[in-house]
Every structure is written in C-alpha cells, then in structure tokens.
Amino acid sequence: IVAVTGSAGVGSGENSKAGLAGTVTVNRVANVVEAKIVNSTFHKDSTGDIKVDATDDTFIFSFAGAFGASKSVGLGVAAAVNLLDNTVRAEVSNSTLRSTGKLDVDADQTGTLVSVALGVGAGKQFAGAGSIAVNIIDNTIESQIVSGSDVKVGGAIDISADDRSVGVAIAGGAAFGKTAAVGA
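Residues numbered from 1 in each chain as written. Predicted model: local features only at pLDDT ≥ 70, side-chain atom pairs only at ≥ 80, totals over all residues. Heavy atoms only, no water.

1. Considering the overall build of the protein chain
For clarity, the cut-off: Note on conventions: DSSP H or I runs of at least 4 residues are helices, E runs of at least 2 residues are strands, and numbering of each starts at the N terminus. With C-alpha atoms as the basis for the radius of gyration, the globule rule is written as 2.2 Å multiplied by the number of residues raised to the power 0.38. Only protein chains enter the accessibility calculation, which uses a 1.4 Å probe; a residue is then buried when its area is under 20% of its type maximum, exposed when over 50%, and partly exposed in between. Any two residues whose heavy atoms approach within 4.5 Å are treated as being in contact. Where accessible areas are quoted, they stem from the Shrake-Rupley method and a 1.4 Å probe; at the residue level, only the protein chains shown are allowed to cover. Under the counting rule used here, the positive set is Lys and Arg, the negative set is Asp and Glu, and His together with the chain ends is not counted. Taken as the charge centre is NZ of Lys, CZ of Arg, CG of Asp or CD of Glu, depending on the residue.
Looking only at helices and strands, one finds zero helices and 16 strands in the protein chain. The C-alpha atoms of the protein chain give 26 Å as radius of gyration, which overshoots the globular expectation for 184 residues (16 Å, by more than 25%). Expressed along its principal axes, the backbone C-alpha trace of the protein chain runs to roughly 90 × 20 × 20 Å. Within the protein chain, buried positions represent 42% of all 184 residues. Considering only contacts within the protein chain whose residues lie at least 6 apart along the sequence, 82% involve residues at least 24 apart. By element, 53% of the accessible surface of the protein chain is carried by carbon and sulfur atoms, the whole surface being about 9100 Å². Distance from the positive charge centre (13 side chains) to the negative charge centre (18 side chains) of the protein chain: 11 Å.

2. Focus: the side chain of aspartate 56
For clarity, the threshold we go by: We count a salt bridge whenever a side-chain nitrogen from Lys or Arg sits within 4 Å of a carboxyl oxygen from Asp or Glu. Distance and chemistry together define a polar contact, namely a pair of N or O atoms within 3.5 Å, with one atom able to donate a hydrogen and the other to accept it when in protein, and with adjacent residues in sequence counting only for side-chain atoms on both sides.
Position of aspartate 56 relative to the elements: it lies in strand 4 (residues 50–56). Among buried Asp, Glu, Lys and Arg side chains, aspartate 56 stands out as unpaired, with arginine 164 the closest opposite charge at 11 Å. Polar side-chain contacts of aspartate 56 include one of 3.1 Å to the side chain of asparagine 31. A distance of 2.9 Å separates polar atoms of two side chains, one belonging to aspartate 56 and the other to asparagine 86.

3. As for the nonpolar core
The condition that has to hold: For our purposes a nonpolar core is just a set of buried Ala, Val, Leu, Ile, Met, Phe, Trp, Tyr and Cys residues, chained together by side-chain atoms within 4.5 Å.
One finds Ile37, Val52, Ala90, Val92, Leu97, Leu103 and Val105 to be the most contacted residues of the largest nonpolar core, which totals 15 residues. Of all the elements in the fold, those that place two or more residues in this core are strand 3 (32–38), strand 4, strand 7 (87–93), strand 9 (103–109) and strand 13 (150–153).

4. Some details on the pairing of strand 11 (residues 126–137)
Side chains on a regular strand alternate between the two faces of the sheet. For clarity, the threshold we go by: A pair of strands is labelled paired if DSSP reports no fewer than 2 bridges between them.
Taken together, the twelve bridges between strand 6 (residues 73–84) and strand 11 define a ladder with parallel strand orientation. By the bridge assignment for strand 11, valine 81 is matched with valine 134. Pairing analysis gives four bridges linking strand 11 to strand 16 (residues 180–183), with the strands arranged parallel. What sits directly across from alanine 129, in strand 16, is glycine 183.

5. Regarding the side chain of threonine 58
Structurally, threonine 58 is set in the loop between strand 4 and strand 5 (59–70). Owing to a relative accessible area of 10%, threonine 58 belongs among the buried residues under this scheme. Separated by 3.3 Å, the side chains of threonine 58 and asparagine 86 make a polar contact.

6. Comments concerning the pattern of salt bridges
Counted by the stated rule, this structure contains eleven salt bridges. A salt bridge links lysine 71 to glutamate 14; the shortest N-O distance between them is 4.0 Å. Separated by 57 residues along the polypeptide, lysine 71 in the loop between strand 5 and strand 6 and glutamate 14 in the loop between strand 1 (2–11) and strand 2 (18–29) bring together distant segments of the chain. Look at glutamate 14 and you get exposed, because its relative accessible area is 68%. Residues aspartate 162 and arginine 164 are paired through a salt bridge, measuring 3.7 Å at the closest nitrogen-oxygen approach. A relative accessible area of 31% places aspartate 162 in the partly exposed class. Salt bridges sharing common partners tie together Glu34, Lys36, Arg89, Glu91 and Glu142.

7. A few points about the environment of glycine 19
Structurally, glycine 19 is set in strand 2. In the structure, glycine 19 is positioned 50 residues away from alanine 69 in sequence and 4.5 Å away in space, judged by C-alpha atoms. When near neighbours in sequence (up to four residues on either side) are disregarded, glycine 19 contacts Gly9, Val10, Gly11, Gly68, Ala69, Ser70, Val73, Gly74 and Leu75.

Following this line, the structure appears as structure tokens:
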C-alpha cells in the first residue's frame with residue numbers, strides 16, 4: 001500500500017485571518033495466510049522432503065502533509081498511521097506423515113511499515129505546526145503440529161515461526177511566525 005495525502009489552507013485576501021490545513025492517512029492490513037496439511041496420510045514409501053510454508057511480506061508506505069498560511073495565523077497539522085495485524089500460520093493437523101526426507105513447518109512475517117507526517121504553518125502573528133507518525137504491529141505467527149498428528153521422517157524436523165516486521169516513523173513540524181511560532 002502506498003498512500004499519500006496532503007492539504008493546504010492559505011488565507012491570501014486583504015482581510016484574511018487564518019490559513020488552516022489538516023490531513024490524516026490511516027492504513028490497516030489484516031491478512032490471514034495459512035499453509036496446512038490437514039487430514040492427510042503420506043505412506044511409508046514416500047520419499048523427499050515435506051515443506052509447509054506460510055509467508056507474508058506486507059509493505060505499507062504512508063505520507064501525510066499539511067501546509068497552512070495567512071497574513072495573520074497559519075496552522076498545519078498532519079497524521080500518518082499504519083497498522084499491521086496479520087495472522088500467518090503453518091500447520092500439520094490430524095495427519096500421518098512418513099518420508100525419507102525432512103519436515104519443515106515454517107511461518108514467516110516480514111512486514112515493513114513506513115509512516116511520514118509533516119505539518120507546516122506560517123503567519124505574521126502566529127504560526128503553529130504539528131504532526132504524528134504511528135506504526136502498530138500486532139501480528140500472530142504460528143507454526144505447529146497438532147491434533148494427534150503422527151510424524152516419522154528420515155531427516156530433521158524444523159518447526160519455526162518468525163516475525164521480522166519493521167516499522168519506521170518520521171514526524172516533523174515547522175512553524176514560521178513574526179510574533180509567535182510553535183512546532184511539534
């Protein structure tokens with residue numbers, strides 16, 4: 001997901017009192033990715049490796065920018081919010097597995113969240129600017145052999161669940177005013 005939002009509020013008339021701008025971008029991804037062997041039988045004559053692999057690599061980039069300006073008061077406020085709430089599951093359930101090879105049951109999440117927010121305000125009397133950038137990662141990653149499964153393989157058994165999600169949040173505010181300015 002790539003989301004870009006922007007707003008501008010400019011008071012340019014002779015009697016303009018304020019230029020106000022605000023913008024918000026919110027992105028949520030809630031994927032369910034599953035790889036399963038269920039109610040299955042691999043006979044003793046089976047050869048080779050058995051692999052159950054569930055992977056998600058969600059990418060979200062969001063930018064929010066706001067610019068407010070006038071001869072008197074200018075205010076710009078921006079917010080960028082990303083939420084990653086995935087379930088990634090690799091599972092062997094109620095199955096009998098036989099093989100001369102190895103068994104891999106792997107669940108992997110490699111999500112990347114980038115949020116950038118910038119608020120700018122400019123005014124002769126007062127300028128205000130603010131921004132917030134937030135990334136929330138609340139994934140469920142599971143790898144399992146359950147429900148009475150019977151597994152006998154000639155090689156190694158590797159069961160792994162990894163969440164390598166990364167979040168980067170950048171927020172800035174700039175205010176330009178002759179009498180007073182506040183930026184956050």
